[in-house]
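Fold and contact review
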Amino acid sequence: MFSGVRVMLELDGPGHAYSWGLGMPRLTAKCPSLSGNINNVPLNPTDPLTYQVLSDVYNETSKVF
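The structure reproduced in this document is the subject of the present report. (Residues numbered from 1 in each chain as written. Predicted model: local features only at pLDDT ≥ 70, side-chain atom pairs only at ≥ 80, totals over all residues. Heavy atoms only, no water.)

Okay, the overall build of the protein chain next. Looking only at helices and strands, the protein chain features two helices and zero strands. Radius of gyration (C-alpha) of the protein chain: 15 Å, far over the 11 Å computed for a compact globule of 65 residues. With the principal axes as the frame, the protein chain shows a C-alpha extent of 50 × 25 × 15 Å. When the 65 residues of the protein chain are sorted by exposure, 20% land in the buried category. For the protein chain, restricting intrachain contacts to residue pairs at least 6 apart in sequence, the fraction spanning at least 24 positions comes to 39%. (Helix = DSSP H or I, 4+ residues; strand = E, 2+ residues; numbered from the N terminus. Rg over C-alpha atoms; globule rule 2.2 N^0.38 Å. Buried < 20%, exposed > 50% of the residue type's maximum accessible area, 1.4 Å probe, protein only. Contact = heavy atoms within 4.5 Å.)

What follows concerns a nonpolar patch on the surface. Residues Val5, Val7, Leu9, Leu11, Tyr58, Val64 and Phe65 make up a contiguous nonpolar surface patch of roughly 760 Å² in combined accessible area. As for its position among the elements, valine 7 is in the segment before α1 (17-23). The class for valine 7 is exposed, based on a relative accessible area of 56%. (Patch = residues over 30% accessible without salt bridge, like charges linked within 9 Å, V, L, I, M, F, W, Y side chains within 5 Å. Areas by Shrake-Rupley, 256 points an atom, 1.4 Å probe, with all protein chains shown as cover. Salt bridge = Lys/Arg side-chain N within 4 Å of Asp/Glu carboxyl O.)

This model, assessed by the stated rule, comprises two salt bridges. Note that arginine 26 and aspartate 47 form a salt bridge whose closest N and O atoms lie 2.8 Å from each other. Within this pair, whereas arginine 26 is found in the loop between α1 and α2 (48-64), its partner aspartate 47 is found in the loop between α1 and α2, the two being separated by 21 residues in sequence. Residue classification places aspartate 47 among the buried residues on the basis of a relative accessible area of 12%. For lysine 63, the salt bridge identified is with glutamate 60, shortest N-O distance 3.5 Å. One end of the pair, lysine 63, and the other, glutamate 60, are both in helix α2, three residues apart, so they sit about a helical turn from each other.

Right, let's talk about the environment of threonine 28 for a bit. Secondary-structure assignment places threonine 28 in the loop between α1 and α2. Judged by relative accessible area, which is 8%, threonine 28 ranks as buried. The spatial distance from the C-alpha of threonine 28 to the C-alpha of leucine 43 is 4.2 Å, given a sequence separation of 15 residues. Among residues more than four places away in sequence, those in contact with threonine 28 are Ala17, Gly21, Val41, Pro42, Leu43 and Asn44.

This is the structure in structure tokens:
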């Protein structure tokens, strides 16, 4: 039997995309119909920077986990 702590990585989007958009506004899409809830802010699929940032995040976290 194993004992200890299991660490589970969670990369949550769009749930935390709002905070990313505060630092890098290009990363989030402007959707007026969703602006009332910060948990509904989507990442911007039309900007190549979005994919570069996601790639960087996944590459960095894969080194740790």
